[in-house]
Amino acid sequence: MASNGVLDARERSATLARLASERFDVLVIGGGVTGAGAALDAASRGLRVALVEARDLASGTSSRSSKLIHGGLRYLEQFDFKLVYEALHERDLLVAKLAPHLVKPVSFLYPLYRKVVERPYVGAGLALYDAMEGTRRPVPHHRHLTARGALRLAPALSTERLAGAMRYYDAQVDDARYTLTVARTAATHSAVVATRVSAVSLVRGPDGVRVTGARVRDEETGRLLEVSAEVVVVCAGVWTDLVHELAGVRAGYRVRMSKGVHIVVPRSAVRADTGLIVRTDKSVLFFIPWGERWIVGTTDTDFSGDRAEPGVSAEDVDYILAAANRVLVRPLTRADVIAVYAGLRPLVEAVGEVNGAKGVKGAKPTTKVSREHVVDAPVPGLVSVAGGKFTTYRLMARDVVDAAVADLGHSVPSSVTEQLPLLGADGLAGVRAGAARLAEDYRVPPDVVEHLLSRYGTLAGEVLDLIRADPGLAQPLADGHPYLRAEVAYAVTHENALHVEDVLMRRMRLFIESADSGTGVAESVASIMGRLLGWSRRRRAAETRRYLELVAAEQTTPAVGGSAVGSGAAVPDAVLPGAAAVLAGVAAAG
Ligand SMILES: Cc1cc2nc3c(=O)[nH]c(=O)nc-3n(C[C@H](O)[C@H](O)[C@H](O)COP(=O)(O)OP(=O)(O)OC[C@H]3O[C@@H](n4cnc5c(N)ncnc54)[C@H](O)[C@@H]3O)c2cc1C
């Protein structure tokens, strides 16, 4: 039985009732891109699937990445050819077939500063990068540029020592929206998707060994439920070791956390018509075009603090500013920073070749730890996957579901996700071609239709239907941003948004795109959501306040954790300027 892929937050009780009453073939723990991918992989093979996510879909690392779908040029230098080859294949599959509405080509300029040594080296790397991609390429080939050619594309570059540049292409994505879309596509194959439901312990069968499900807690009410499944699939990212501990098992790998911070600055602060990638002492720094802004990052430092709130320190920000300013003619300052965010890379390190798990040994610097993934089956009825990259999530999902199928012990078809466009992708060319007509029919400006197509693909009409039913929803949500009030309503009725932060941090990206992190519209969001979810005035105020507090916590210096490498400057940890305003807002609201 296929459903329509609607995740309606108003039907949460029915979803929880299904979790408790049905018996599943596969229970996935974790609703990041890997877990959503595993749910889709398993459900599209005809298995009965449930997914539980402790917070919101993509609330972990999967909304905090650099948002690139890429082969990973720098992994060539580490001779990680298999990873680059697979990732390039995935990139092209996503751009051309599986999600062309969400995954879009983006160009990068690689400035060269040592002409004689660097051009042949980088040129050979890019030629290999392009060659690995094969002949059917949805993104253009790389090109050599002179210094003058580079400056024409990127006047922001300092001319000092600039010897030329290379231009190449990768792809970018709204990572949180992508994850949500994978989960919704899994729901079209009848997967049951429940958020704010955490696995708190694993259930063993009569033999006391085999895992037969999980005890889960509804985080909204504290109620405990038991979910029965033939196999439990752990896709918990940096929480993986903790979930293994819940089961009392020793896996063949452990997850090492590496923090990566990004800053967001206005597009006008860096004059360039292309993304930039520049070398740093340890790795590379990206300037990634993001609408009217740039995302600049990232750092790569060991982390051991609170997984839920990695936090950004002033030192992290100053490190990125210093690395950026090495190549810019007009330096960036803290005053340019609109927003900051931090994420944790789940890197795998083998603790021995137990259970057949394969991984990387040794305490290397986090920049040098492989981004390949590891699948493990530590005990019957339990499999897990960790590591990898956003770009290779589909392969991780396929591999862990293969391991689950081996455990099931009966015949199940092979993965079909290579053939399965995500929700909103099928028929996109036709809907795009008819965009002007759509705008006329729904009496909205053409740029509104364009905006909706780029976020929902062929499902844009569902958002427009909400506007037709309630024309007030056609109004923009926030000045200077393209989001509509209708998208808040849609987030509740189709995308399972339960709280204000689900909307402002992940369904739309005002948290990282707006100088006030979206706090100025939190009340409006609570009001639109409240109408649909039956919230009292008091509840709306509480939801608004909860968002303000969360923003303040995300943007301030963490109490524990690693510190950014490489800045060298003794910058005192401090609350960032943007966050100070937010904290003032919290005080006022309180
Ligand atoms: C700074 C940074 C930049 C990056 N940039 C890129 C990039 O440009 N391109 C790329 O390909 N990759 C990139 N990555 C890597 C990529 O983002 C990650 O590999 C990927 O998002 C990991 O997804 P995941 O689903 O495995 O983990 P997560 O997204 O963290 O998902 C795990 C989920 O499990 C849930 N969970 C945990 N415990 C429980 C429990 N007990 N019960 C229920 N749920 C639970 C968590 O709440 C979480 O949502 C980047 C990573 C970082 C940190």
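Residues numbered from 1 in each chain as written. Predicted model: local features only at pLDDT ≥ 70, side-chain atom pairs only at ≥ 80, totals over all residues. Heavy atoms only, no water.

Engineer: Tell me about the overall build of the protein, residues and numbers included.
Structural biologist: Helix and strand content of the protein: 20 helices and 18 strands. Per-residue burial for the protein yields a buried fraction of 61% across its 590 residues. Summarising the internal contacts of the protein: among those between residues at least 6 apart in sequence, 74% fall at separations of at least 24. Surface summary for the protein: the accessible area is close to 22,600 Å², and the carbon and sulfur share equals 53%. (Helix = DSSP H or I, 4+ residues; strand = E, 2+ residues; numbered from the N terminus. Buried < 20%, exposed > 50% of the residue type's maximum accessible area, 1.4 Å probe, protein only. Contact = heavy atoms within 4.5 Å. Areas by Shrake-Rupley, 256 points an atom, 1.4 Å probe, with all protein chains shown as cover.)

Engineer: I'd like to hear about the packing of helix α13 (residues 446–456) against helix α14 (residues 460–469), residue by residue, with values.
Structural biologist: In contact at an axis separation of 8 Å, α13 and α14 are set at 130 degrees when each is read in the N-to-C sense. In this view, α13 runs oblique relative to α14, as classed from their interaxial angle. Residues Leu452, Leu453 and Tyr456 of α13 lie in contact with α14, whose contacting residues are Ala460, Val463 and Leu464. The residue makeup of the contact of α13 with α14, split by class, is six nonpolar, no polar and no charged. (Axes fitted to C-alpha atoms, helices over the stretch in contact; angles between N-to-C directions. Parallel < 35°, antiparallel > 145°, perpendicular 65-115°, else oblique. Nonpolar A, V, L, I, M, F, W, Y, C, P; charged D, E, K, R; others polar.)

Engineer: Can you lay out the nonpolar core for me, pointing to particular residues and giving the numbers?
Structural biologist: The biggest cluster of nonpolar side chains holds 68 residues, and the ones touching the most others in it are Leu504, Val525 and Met529. Those residues in contact with Val525 that sit more than four places away from it in its chain are Leu477, Val488, Val500, Val503 and Leu504. One finds Leu94, Val182, Val383 and Val412 within the second-largest nonpolar core, a separate group that totals 49 residues. (Core = buried A, V, L, I, M, F, W, Y, C linked by side-chain atoms within 4.5 Å.)

Engineer: Describe the side chain of His101, listing the residues and the values that go with them.
Structural biologist: Considering the arrangement of structural elements, one finds His101 in the loop between α4 (81–98) and β4 (104–112). Residue His101 is classed as buried on the basis of its relative accessible area of 1%.

Engineer: Just give me the short version of the pattern of salt bridges, but keep the residues and values in it.
Structural biologist: According to the stated counting rule, one finds 36 salt bridges in the structure shown. With a shortest N-O distance of 2.8 Å, Glu349 and Arg256 are connected by a salt bridge. Here the residue Glu349 occupies a position in strand β16 (residues 339–350), and Arg256 occupies one in strand β11 (residues 253–266), the gap between them amounting to 93 residues. For Glu349, a relative accessible area of 5% puts it in the buried group. (Salt bridge = Lys/Arg side-chain N within 4 Å of Asp/Glu carboxyl O.)

Engineer: Before we move on, could you go through α13 and cite the residues and values that matter?
Structural biologist: What α13 keeps buried is the set Val448, Val449, His451, Leu452, Leu453, Arg455 and Tyr456. Where α13 is buried, its residues contact α7 (175–188), α11 (428–433), α12 (435–442), α14, α15 (485–493) and α16 (500–507). At the exit of α13 stands Gly457, carrying a positive phi of roughly 60 degrees.

Engineer: Talk me through the environment of Leu548; I want residue IDs and the actual numbers.
Structural biologist: Considering the arrangement of structural elements, one finds Leu548 in helix α19 (residues 537–555). With relative accessibility at 9%, the residue Leu548 sits in the buried group.

Engineer: I'd love a proper account of the site of the ligand, names of residues and values included.
Structural biologist: Lining the immediate surroundings of the ligand are 37 residues, of which Thr34, Glu53, Ser62, Leu68 and Thr391 lie closest. Contact between the ligand and Val33: an oxygen atom at 3.2 Å from a main-chain N or O atom of the residue. A distance of 3.1 Å separates an oxygen atom of the ligand from a polar atom in the backbone of Phe390. Considering the ligand on its own, with 1,000 Å² of exposed area, one finds that the protein chains cover 95% of that surface. (Near = heavy atom within 4 Å. Polar contact = N/O pair within 3.5 Å; in protein donor to acceptor, adjacent residues only side chain to side chain.)

Engineer: Explain the confidence of the model for the protein to me, using residue names and the numbers behind them.
Structural biologist: Counting all residues, the mean pLDDT for the protein is 88, and 87% of those residues have values of 70 or more. Below a pLDDT of 50 lies the segment residues 353–363, which in the model reaches 30 contacts outside its immediate sequence neighbourhood of four places, other chains included. Of the regions scoring below 50 in pLDDT, residues 557–590 engages in 65 contacts with residues more than four places distant in sequence or in other chains. (pLDDT = per-residue confidence, 0-100.)

Engineer: Which residues make up unusual backbone geometry, and what values do they have?
Structural biologist: In this chain, Gly297 is followed by Thr298 through a cis amide linkage whose omega measures 25 degrees. By the element assignment, Thr298 lies in the loop between β14 (293–297) and β15 (301–302). One non-glycine residue, Lys67, lies in the positive phi region at around 70 degrees. Locating Lys67 in the fold gives a position in the loop between β2 (49–53) and β3 (68–69). Phi is positive for Arg161, which is not a glycine, with a value near 65 degrees. The topology assignment puts Arg161 in the loop between α6 (147–153) and β6 (164–172). Arg161 sits in the exposed class, given a relative accessible area of 56%.

Engineer: Pulling in residues and values, what's your account of the pairing of strand β17 (residues 373–379)?
Structural biologist: Consecutive residues of a regular strand have side chains that alternate between opposite faces of the sheet. Across five bridges, the pairing between β17 and strand β18 (residues 382–387) is antiparallel. Across the sheet, residue Val379 finds its bridge partner in β18, namely Leu382. Between the antiparallel neighbours β17 and β18 lie two residues, among them Gly381 with a positive phi of about 85 degrees. (Pairing = 2+ DSSP bridges.)

Engineer: Let's hear about the pairing of strand β10 (residues 224–234): which residues, and what values?
Structural biologist: The pairing of strand β1 (residues 23–29) with β10 spans six bridges and is classified as parallel. If you follow Arg23 over to β10, its bridge partner there is Ser228. Sheet topology note: the strand β9 (residues 211–218)/β10 ladder contains five bridges and is antiparallel. The partner of Arg215 across the bridge, within β10, is Glu226. Between the end of β9 and the start of β10, which pair antiparallel, lie five residues, with Gly222 showing a positive phi angle near 85 degrees. Bridge analysis of β10 against β18 gives three bridges, and the strand direction is parallel. Among the inter-strand pairings, Val233 is bridged to a residue of β18, identified as Val383.

Engineer: Can you break down the packing of aromatic side chains residue by residue, with the values?
Structural biologist: Throughout the structure, instances matching the rule amount to five aromatic pairs. Between the aromatic rings of Tyr178 and Phe390, the centroid separation amounts to 5.9 Å while the plane-to-plane angle is 65 degrees, which identifies the pairing as edge-to-face. With a gap of 212 residues between them, Tyr178 in helix α7 and Phe390 in the loop between β18 and α10 (393–408) connect regions that are remote in the sequence. Under the relative-accessibility criterion, Tyr178 is labelled buried at 0%. Grouped by ring-pair contacts, the aromatic residues Phe108, Tyr168 and Phe286 constitute a single cluster. Against the face of Trp294 rests Arg267, its NZ or CZ located 4.6 Å from the ring centre. The side chain of Arg468 reaches across the aromatic face of Tyr442, ending 4.2 Å from its centre. (Phe/Tyr/Trp six-rings, centres within 6.5 Å; stacked < 30°, edge-to-face > 60°. Lys NZ or Arg CZ within 6 Å of the ring centre and 35° of its normal.)

Engineer: Give me the lowdown on the packing of helix α2 (residues 33–43) against α7, citing residues and values where you can.
Structural biologist: Viewed as axis vectors pointing N to C, α2 and α7 meet at an angle of 25 degrees, and their least axial separation amounts to 8 Å. Looking at the two axes, α2 sits roughly parallel to α7. The crossing of α2 and α7 is left-handed. Contacts from Val33, Ala36, Gly37, Ala39, Leu40 and Ala43 in α2 reach Tyr178, Thr179, Val182, Ala183, Thr185 and Ala186 in α7. Of the residues belonging to the contact of α2 with α7, the class tally is nine nonpolar, three polar and no charged. (Left-handed = near helix turned anticlockwise from the far one by under 90°.)

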